[in-house]
Structures are given as structure tokens and as C-alpha cells.
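Residues per chain, in single letters:
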Amino acid sequence: MTSFNSDFTMTIGGKAVAGASSFAVLNPANEQEIAQAPDCSAEQLDQAVAAARAAFPAWSATPIEKRREALLAIAGVLAANMDELKRLLTSEQGKNHEDAIFDVMGGAMWCQAGSTLELPVHVVEDTPERRGETRRVPLGVVGAIAPWNFPVLLAMFKVAPGLLAGNTMVLKPSPFTPLTTLKIGELLRGVLPDGVLNIVTGGDALGPLMTSHPGIDKITFTGSTATGRKVMASASATLKRVTLELGGNDAAIVMPDVDVEAVAEQLFWAAFKNTGQICIATKRMYVHKDIYEPLKTALVAYAKTVKMGDGAEQGTQMGPIQNHQQYKRVLDLIADAKAKGYDFLMGGETSTVPGYFVPITIIDNPPEDSRIVQEEQFGPVLPLLKFDNVDDAVARANASDYGLGASVWSADVDKALAIGSRLQAGTVWINETQYITPLGVFGGHKQSGLGAEGAMEGLMEYTNAQTIYVKKAQPVAA
Ligand code: NAD
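Reading the values: rules and limits
Residues numbered from 1 in each chain as written. Predicted model: local features only at pLDDT ≥ 70, side-chain atom pairs only at ≥ 80, totals over all residues. Heavy atoms only, no water. Buried < 20%, exposed > 50% of the residue type's maximum accessible area, 1.4 Å probe, protein only. Helix = DSSP H or I, 4+ residues; strand = E, 2+ residues; numbered from the N terminus. Pairing = 2+ DSSP bridges. Phe/Tyr/Trp six-rings, centres within 6.5 Å; stacked < 30°, edge-to-face > 60°. Lys NZ or Arg CZ within 6 Å of the ring centre and 35° of its normal. Expected span 1.5 Å × (residues − 1). Bend = angle between axes of the 7 residues up to and from the residue.

Draft legend 1. Up close: the pairing of strand E16 (residues 381-387). Among the 7 residues that make up E16, 6 are buried, leaving the element largely enclosed by the rest of the structure. Where strand E15 (residues 361-364) lies against E16, 4 bridges are found, and the strand directions are parallel. Bridge pairing in E16 links Thr 361 to Val 381.

Draft legend 2. A look at the packing of aromatic side chains. Throughout the structure, instances matching the rule amount to 9 aromatic pairs. On the numbers, 6.5 Å between centres and 80° between planes, the contact of Phe 157 with Phe 442 is edge-to-face. Of the two residues, Phe 157 is situated in helix H5 (residues 151-164) and Phe 442 in the loop between strand E19 (427-430) and strand E20 (445-446); the sequence distance between them amounts to 285 residues. Seen from their ring centres, Phe 268 and Tyr 302 are 5.3 Å apart, and the 65° between their planes marks the pair as edge-to-face. Linking Phe 268 in helix H9 (residues 260-272) with Tyr 302 in helix H10 (residues 289-303), this pair joins segments that are 34 residues apart in sequence. Note on accessibility: Phe 268 and Tyr 302 belong to one class, buried. Grouping aromatic residues by their ring pairs yields a cluster made of Phe 268, Trp 269, Phe 272 and Tyr 302. Here the basic side chain of Lys 218 rests over the ring of Tyr 462, its NZ or CZ set 5.0 Å away from the ring centre.

Draft legend 3. Up close: helix H1 (residues 42-61). Its 20 residues place the ends of H1 29 Å apart at the C-alpha level, agreeing with the 28 Å of an ideal helix rising 1.5 Å per residue. Largest kink in H1: about 40°, centred on Ala 55, with the proline Pro 57 one to four residues after it. Regarding H1, the residues found buried are Gln 44, Leu 45, Ala 48, Val 49, Ala 51, Ala 52, Ala 55 and Trp 59.

Scope: geometric values only; no functional claims are made or implied.
Dropping the structure here:
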């Protein structure tokens with residue numbers, strides 16, 4: 001059993017703060033307790049917000065070049081402590097070490113690339129009488145709420161632009177994966193000015209306290225669509241700005257001209273990377289009828305070579321579901337598919353080992369209105385769906401309240417691009433999936449989100465526009 005002896009503390013005003021109480025963090029690969037995490041009380045959240053407010057005047061007045069250096073310093077701390085952070089992340093999240101490195105180094109990369117952005121100034125008028133310009137000013141205190149699937153990367157999606165724009169922050173990781181973020185807070189004490197980045201952890205009560213807190217000016221949230229609605233409702237009381245990165249039900253459309261053998265492995269990982277717990281995982285795979293049988297055979301053959309187990313063990317490619325709640329949800333979707341009599345190409349049985357393991361499950365052409373097609377599974381279960389003509393595939397792909405990502409796979413790139421352009425999603429990939437860069441806009445259409453992360457557009461979400469007019473002519477003396 002992996003356990004960590006260090007006492008995990010919150011970071012408030014640059015200082016270590018123990019929780020008012022604590023809660024257990026489990027390793028999802030064996031359901032054993034790894035450590036206790038601090039449970040932040042309402043008073044402690046007030047202190048964190050007060051620390052952020054106190055740090056705001058100096059931080060927002062700090063030249064942007066210094067704030068860029070701070071982001072590079074965060075990247076440096078993540079990279080320098082990779083080994084410890086990787087092990088901690090694997091133990092609480094379940095992902096293998098390679099994927100944990102991706103999560104932490106992705107966070108570092110986001111800070112590095114994010115540090116290169118500029119806050120634009122637009123001259124709206126420059127005449128003998130007047131100069132007018134619109135510039136971007138920080139919002140104040142940003143509350144950042146992160147999910148459990150990529151605890152470091154998705155936190156840095158928020159921290160990098162939030163701090164660069166001159167805001168101070170209170171960051172809350174998921175109660176299922178608080179430890180790596182707490183450790184990062186500890187490592188950053190003394191690296192960032194006190195109060196600039198506060199880290200708090202707690203149970204279900206803490207998120208709502210943040211979204212309704214009068215001292216927080218903006219909430220940037222990544223999580224499920226259901227919670228996103230609650231965040232938006234709660235934030236409305238104080239008219240907080242919100243950025244919402246929410247759930248997805250990404251469709252992949254696989255055309256008949258693909259090289260089935262070559263593409264099967266990529267399509268497998270499009271759906272099953274991180275044990276399917278990626279917002280932009282392929283969650284519905286529409287395959288042309290002419291290649292449906294061979295692709296199905298190739299996918300199952302490849303899936304049988306994949307090793308599932310404890311992420312800390314050498315050679316593990318897929319870990320467990322991250323938490324019991326999500327585990328039950330995925331099992332419920334599988335049970336529903338079984339009860340309805342759908343055909344399983346593989347999976348469907350219950351794991352007999354401890355931990356939240358769900359064997360790789362592929363369901364053979366279930367009805368379009370089935371729960372496994374219509375709902376976000378967020379686990380290692382894939383419905384494989386047959387289509388005959390492209391218009392039908394596009395219509396089915398778009399018939400969703402979600403609109404996060406989508407992909408088209410074909411030997412004919414131009415044709416694939418034309419199909420991709422018809423898909424209602426924030427990101428569309430041709431012959432790949434899940435590629436994102438800090439310099440590209442990332443966000444959901446429809447109920448997959450509001451606002452965006454990444455690039456200038458993401459940075460702007462952490463600012464208010466301010467237009468200043470300067471009258472050049474002096475007032476005439478009376
Ligand atoms: P979740 O909505 O359950 O929780 C996300 C965060 O919100 C956690 O920190 C949680 O403690 C907090 N929270 C819970 N209730 C709250 C409330 N009422 N008010 C404020 N905060 C609250 O999501 P999750 O299960 O951690 O993550 C999985 C979901 O996130 C999936 O739907 C996935 O698609 C989505 N996701 C989206 C993106 C994206 O960029 N669009 C990225 C990753 C994950």
C-alpha cells in the first residue's frame with residue numbers, strides 16, 4: 001500500500017494551514033486510505049479570500065513581466081518535483097505514472113506557454129482632441145474549482161491566465177484528488193508572493209461556499225454539466241463572472257476508407273485513455289457499415305492486449321475508475337445495457353479484485369436512444385454504432401445537448417474536413433483526437449460550457465475591459 005506520511009496542509013496567505021477537520025483520501029486501485037486532507041471551514045475560506053484580496057493591489061500592480069516570471073517559476077517547481085508529484089497523483093487518481101507525468105508536465109507547459117500571452121490595448125480613437133483606448137484589467141479574486149480527472153493540468157488551465165492577468169486566486173481541487181494540489185501549494189510557498197495563490201480543500205459544502213462568496217469576483221469551473229448549472233445559478237446572486245468547462249459526449253465518425261488495422265489502436269485510445277475519464281474522450285463511435293465488422297474485430301483484438309491495474313505498477317496502461325461515486329455510475333450504465341439485452345463485444349462482467357476497476361467494455365450497436373449513447377459515461381465503456389450515410393452520422397453526432405469535441409477519421413482529409421465543419425463542437429479533430437495546445441481556444445458549445453480556456457480568448461476571461469478617454473485640449477479658462 002502506498003501511503004504518504006507528510007501532513008497535508010492548505011496554503012492561505014502563503015502559510016501552511018491545517019483544516020478545521022479532515023477527510024480521508026483513498027487510493028482507487030485498492031480503496032485504502034492514503035492520507036487525510038484538510039477540510040476547510042467557512043471561516044478558513046473567508047481567510048483565504050481575505051488573503052487573496054489583501055494580495056490583489058500589489059499583484060495587479062506588479063509589472064506583467066514579473067507575473068510572467070512567476071508563471072515560469074511555477075512551471076519550474078512542477079518540473080523539479082515531478083517524481084514526487086507523479087507518485088502522489090498516481091496514488092490518489094489511479095492513472096499510471098506515464099499519464100501522471102503528462103498531467104503534471106502538461107500543467108508546467110500550460111504555465112510556460114501561457115506566460116507568453118500579451119494583454120492587448122486597442123486604440124479606439126487618436127485625434128487632436130482625444131485619445132481613447134480599451135485595455136484589459138484584472139477582475140480581483142478568482143475562485144477556481146477543478147475536477148478529479150486531470151487535477152494538475154486542469155488547475156493550471158486556470159492558474160496561468162488568472163495570475164498573468166493580475167488576479168489573485170483561491171483554488172479548490174476535487175475532494176477525490178486533493179493531495180497533489182495541496183503539495184503544489186506547499187512547494188509554491190515563498191515562490192509566489194503570499195496570498196496570490198491560496199489552496200483550500202474540503203468536502204461537498206466548500207464549492208457552494210465559494211460560488212456564493214461575496215469576496216470572490218469570478219468562478220472558473222471545470223466539472224460536470226449538472227454541477228456547472230448549480231455554479232452558474234449560485235454565482236448569479238453576486239453577478240460573478242463565470243467560465244464553465246463542462247461535460248461532453250464526443251462523437252467520432254469513422255469513414256469506410258480508413259486503414260482499419262492502422263487506425264484501430266488510435267481509436268481505442270481515443271475512447272479509453274485515462275480509463276475513459278476525459279472530457280474530450282470519444283464517447284460514441286459511429287463506424288461506416290462497410291468497415292464495421294473488421295473494425296470491431298480489430299478494436300476488440302487490441303483491447304485484449306491492454307493491461308489494466310494499479311497505475312503504480314510497471315506496464316499498467318489503464319487504471320481504475322477514480323472514485324466510488326463514478327464507479328457506481330458506470331456500473332449502472334452497464335447494468336442498464338445488459339437489462340435491455342444489448343450485445344457486448346467485450347466486458348460487462350464485474351471485476352473481482354479490490355479497487356474501482358471496470359473491465360474494458362464495448363457494446364455492439366446499441367439503439368441511438370439508449371442511455372449508453374445519450375449520456376456521458378466517463379469510464380471504460382464504448383458504444384460502437386453503425387452508420388450508412390454521412391448525413392445520418394452527422395445528424396446523430398449533433399443530436400446532443402453536449403458540444404465539447406468531435407472527430408472524423410478518413411483517408412480523404414478534405415472530405416473529412418468538410419464533414420468536421422458540420423459538427424457542433426468546440427473542438428473538431430481530423431484523424432486524431434484530444435490534441436490541445438495552450439495557444440488554441442478550448443471550450444464547449446451548447447451545454448458543454450460557457451466561455452473558453454486557452455489562447456487570448458481564455459486570457460480575456462480573467463479580465464474586464466476598461467476604456468479610457470483622454471481629452472487632449474486643455475479646458476479654456478473662464
Ligand atoms: P463535478 O462536477 O462532480 O465536480 C467538479 C468540482 O466541482 C469538484 O471540485 C467538486 O468538489 C466541485 N463541486 C461539486 N458540487 C459543487 C457545487 N454545488 N458548487 C461548486 N462546486 C461544486 O465533476 P467531476 O466528477 O469532478 O468531473 C467530471 C466531469 O467534468 C465530467 O462531466 C467531465 O466531462 C467534466 N470535465 C470537463 C472538462 C472540460 O474542460 N470541459 C474537463 C475535465 C472534466
